[in-house]
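Close look at the chain arrangement
Chain residues, written in single-letter form:
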Amino acid sequence: MLGLGSAGYPDGAMPFAGGWLHTSAEIVVFLPADGAGIANFPFGGIPDHPALYGLQLFAQVAAVDPTAPQGYALSQGLQITIGS
């Protein structure tokens, strides 16, 4: 599961599923993984438009993990700035 949001938690995070959520995750995309646990997210690209320059997005991935305390493993948060 990939979460994308317009807000992040750079000075900490919100507790979630035994870890820390680093994005507001307004958009959630469920990604099927292969047997090795690898998932791909096809992305068509970002339009070259001046209104998008400087836009910040925050992303984080959660995966089902039966060995984790709450059953989920969380990636580190990722901050994306467009046009920088």
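Details of a nonpolar patch on the surface
Nonpolar side chains collect at one region of the surface, where Met-1, Val-28 and Phe-30 lie side by side and expose about 300 Å² of accessible area between them. Structurally, the position occupied by Met-1 is in the segment before β1 (2–5).

Concerning the pairing of β1
Pairing between β1 and strand β4 (residues 27–29): 3 bridges, direction antiparallel. When the bridges of β4 are listed, Leu-4 appears paired with Ile-27.

Some details on the side chain of Gln-60
Within the element layout of this structure, Gln-60 appears in strand β5 (residues 56–64). Filtering out sequence-adjacent residues up to four positions away, Gln-60 remains in contact with Met-1, Leu-2, Gly-3, Trp-20, Leu-21, His-22, Thr-23, Leu-74, Ser-75, Gln-76 and Gly-77.

Some points on the layout of surface pockets
Empty space within the largest pocket amounts to approximately 220 Å³. In terms of lining residues, the largest pocket is bounded by 14 residues, among which Leu-4, Phe-43, Ile-46, Leu-57 and Ile-80 are the most central. The biggest single contributor to the lining of the largest pocket is β5, with 4 residues. Residues of the lining of the largest pocket, tallied by class, amount to 13 nonpolar, 1 polar and no charged. In this structure, the second largest pocket is lined by Met-1, Phe-30, Leu-31, Ala-33, Gly-37, Ile-38, Ala-39, Val-61, Ala-62, Ala-63, Val-64 and Tyr-72. It is β5 that contributes the most residues to the lining of the second largest pocket, 4 residues altogether.

Rules used throughout
- Within each chain, residues carry numbers counting from 1 in the order of the written sequence.
- Reporting in this predicted model follows two pLDDT cut-offs: at least 70 for local features of residues, and 80 or more for side-chain atom pairs to be given and counted; totals over whole chains, interfaces and linings ignore these cut-offs and use all residues.
- Excluding hydrogens and water, the side-chain figures rest on all heavy atoms present in the structure.
- For patch detection, residues must exceed 30% relative accessible area and be free of salt bridges, and they are connected within 9 Å for like charges or within 5 Å for nonpolar side chains (Val, Leu, Ile, Met, Phe, Trp, Tyr).
- To be clear on the numbers: accessible area is Shrake-Rupley with a 1.4 Å probe, and residue cover counts the displayed protein chains and nothing else.
- Each reported salt bridge corresponds to a side-chain nitrogen of Lys or Arg within 4 Å of a carboxyl oxygen of Asp or Glu.
- Numbering of helices and strands starts at the N terminus; helices are DSSP runs of H or I of at least 4 residues and strands are runs of E of at least 2.
- Two strands qualify as a pair provided DSSP detects at least 2 bridges between them.
- Here, two residues are considered to be in contact whenever any of their heavy atoms come within 4.5 Å of each other.
- Residues are called lining when one of their atoms sits within 4 Å of a cavity or pocket point, these points coming from a 1 Å grid over the protein atoms alone, where a cavity is a set in which a 1.4 Å probe fits but cannot get out and a pocket is an open set with protein on both sides within 12 Å along at least five of seven lines.
- Grid points are joined across faces, edges and corners, and a volume is the space filled by probe spheres set on the points.
- Lys, Arg, Asp and Glu make up the charged group, whereas Ala, Val, Leu, Ile, Met, Phe, Trp, Tyr, Cys and Pro make up the nonpolar group; the residues left over, Gly among them, are polar.

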